[in-house]
Amino acid sequence: MLPQSLSLSLFFFTFIISSPFCSSSFLDEPLSNFVERTPAYDPSTAYPSYLGTIDKERVDDFKGSLERYDHQGTPATSLGEVNVEDFRAEGVGDTDDTEAFKKAWKETCSSDTAVLVVPKDKTYNVKPITFSGPCKSDSVTLKILGKIEASDNPADYAKDLSRWLLFSNIQNFQVEGDQGTIDGKGEIWWKNSCKINKAKPCTKAPTAVSFVQCDNLKLHGLRVNNAQEMHISIEKSVNVEAFNVIVTSPETSPNTEGIHVTSSENVHIIEPVIKTGDDCISIVDGSKNVKASGVNCGPGHGISVGILEGKTKAPVSNVLVEHATLTGTNFGVRIKTWQDLSQEPPIPHPTHFPLESDLKLVGGSGNVDNIVFEHVKMKGVSNPIIIDQNYCDQETPCKGQDSSVQIRNVIYKDITGTSATKKTTIFNCSKTFPCQGILQKGVNLS
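Residues numbered from 1 in each chain as written. Predicted model: local features only at pLDDT ≥ 70, side-chain atom pairs only at ≥ 80, totals over all residues. Heavy atoms only, no water.

(A) Region of the structure containing helix α4 (residues 98–109). Here α4 spans 16 Å end to end across 12 residues, near enough to the 16 Å set by a 1.5 Å rise per residue. For α4, the full list of buried residues reads Thr98, Ala100, Phe101, Ala104, Trp105, Thr108 and Cys109. Seen from one end, α4 has its buried residues packed into an arc of 155°, which puts them on one side. (Helix = DSSP H or I, 4+ residues; strand = E, 2+ residues; numbered from the N terminus. Expected span 1.5 Å × (residues − 1). Buried < 20%, exposed > 50% of the residue type's maximum accessible area, 1.4 Å probe, protein only. Arc of directions from axis to C-beta.)

Here it is, written out as structure tokens:
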């Protein structure tokens, strides 16, 4: 957060964009000193460096390790590795391999080697499953060489509709997925979404891959397609590095966010390629020190930061999005917060699925602070720059109550390219807590 004295010295001119919903200040001023001296950020404690750069040697080292793995990846496993086929996983696509995966994980997690291999050239059908720790070994590796495919029978998710593949409480966990694929087979869920079929009730669908309380997590080349809802969710985890993650779903698939980060810190997302029907990357409630570099996004809903529904006061702070390319997305770089909602749930709908309308929604409060978007290229993007503090994504209309979230210290630097809409910048800020310290430098959108 900017000290008051620094704010006054920086704001040598201010102009207000006025609308019935908006009150924001802007400054076109060199920003390097401000970024380097952001007091809320301590570079000595961050992992990885929040405002650092991806130096060429670091990327080359990372890619080199992947190339070495490419040469080693074979259907056979090395001495001490656990293969799911050792536990009678058939990998023929139409046979349930869930029990084999459970047994293979139990063996892996209790071993000193702790390497689990999913062989290539096979398709393994898996129902909802939890891979839980802690494990015996100090580090655990999952090598996905083949295809893991979800059950497309909604009845298989009756016990927990929220998740398909859940990795929980695994420390020093590395997932190598550049030769394999995880497929959520989301078509059955999409066509039953109220966003596709207005006659259907609004129901939840499973997140394809969830990492919960997985500290020191590394994702190398993970490929996730056709998620039921979110593709990858990183939750309550510290020190996460995701390199060359590839996410693919149709543009029309509802709620299929690419990478979702919540209540996590020290997260570095490097060179992902994301094509989906919702946010390419969303960074929300309780996340800090998050860096997304070299993002290739589109189609989708762009890159979003914010506080969403729930009784959360957890701030979102120290977020850097840099060197991103967005192509044909519905939004560009977006900060969104829910309205301050408070409503009692109606009578539940008679279905085994929990309805969104059955939930009590209360907009979050707190801060969205120290957010930097820089070196971003837009190609035919609708609403390239947007702050929306009246966000509402539910079946029934929101009451239009004001947001209780404070947005401050946001930098837009070197944002260029083309817009598919006449308005390139929309700041729809809270009337109760107006946006503060919104700075622009080198914004050129046509």
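(B) Here's a closer look at unusual backbone geometry. Here the bond from glycine 133 into proline 134 is cis, since omega is 5°, no more than 30 degrees from zero. Checked against the element boundaries, proline 134 lands in the loop between β6 (129–132) and β7 (140–144). Backbone torsion omega between glycine 298 and proline 299 reads 5°, so that peptide bond is classified as cis. The topology assignment puts proline 299 in the loop between β23 (296–297) and β24 (303–307). Phi is positive for alanine 114, which is not a glycine, with a value near 55°.

(C) Up close: the confidence of the model for the protein. In this model, the protein carries an average pLDDT of 81, and 72% of its residues clear a pLDDT of 70 or more. Low pLDDT (under 50) marks residues 1–76, which in the prediction has 133 contacts with non-local residues, meaning those over four places away or in another chain. In the model, residues 342–363 has pLDDT below 50 throughout and makes 50 contacts with residues more than four positions away in sequence or in other chains. (pLDDT = per-residue confidence, 0-100. Contact = heavy atoms within 4.5 Å.)

(D) Region of interest: the state of the cysteines. This model, assessed by the stated rule, comprises four disulfides. Here cysteine 280 pairs with cysteine 297 through a disulfide, and the sulfurs are 2.1 Å apart. An S-S torsion of about 80° defines the bridge between cysteine 280 and cysteine 297 as right-handed. In this pair, cysteine 280 is assigned in the loop between β20 (273–275) and β21 (281–284) and cysteine 297 in strand β23, connecting sequence segments 17 residues apart. Each member of the pair, cysteine 280 as well as cysteine 297, carries the same accessibility label: buried. Note that cysteine 429 is cross-linked by a disulfide to cysteine 435, the S-S spacing being 2.0 Å. Taking the torsion about the sulfur-sulfur bond, which here is approximately -100°, the covalent link between cysteine 429 and cysteine 435 counts as left-handed. Of the two residues, cysteine 429 and cysteine 435, neither departs from the other in class, the shared state being buried. The structure places no disulfide on cysteine 214, whose sulfur is separated from the nearest cysteine sulfur, that of cysteine 135, by 9.5 Å. (Disulfide = S-S within 2.5 Å.)

(E) Representation of the environment of aspartate 178 within the structure. With respect to the helices and strands, the residue aspartate 178 is situated in the loop between β10 (173–176) and β11 (181–183). Residue class for aspartate 178 comes out buried when judged on its relative accessible area of 15%. Taking the C-alpha atoms as reference points, aspartate 178 and glycine 221, separated by 43 residues in sequence, lie 4.2 Å from one another.

(F) Summary view of the packing of aromatic side chains. The final tally for this structure, using the stated rule, is 10 aromatic pairs. Ring centres 5.7 Å apart and planes at 65° place the aromatic pair phenylalanine 101 and tyrosine 124 in the edge-to-face group. Of the two residues, phenylalanine 101 sits in helix α4 while tyrosine 124 sits in strand β5 (residues 123–126), which places them 23 residues apart along the sequence. Taking the relative accessible area as the measure of exposure, phenylalanine 101 reaches 2% and is therefore buried. Seen from their ring centres, phenylalanine 167 and phenylalanine 173 are 5.5 Å apart, and the 40° between their planes marks the pair as tilted. Take phenylalanine 167: its relative accessible area is 4%, and that puts it in the buried class. What makes phenylalanine 173 buried here is its relative accessible area of 0%. (Phe/Tyr/Trp six-rings, centres within 6.5 Å; stacked < 30°, edge-to-face > 60°.)

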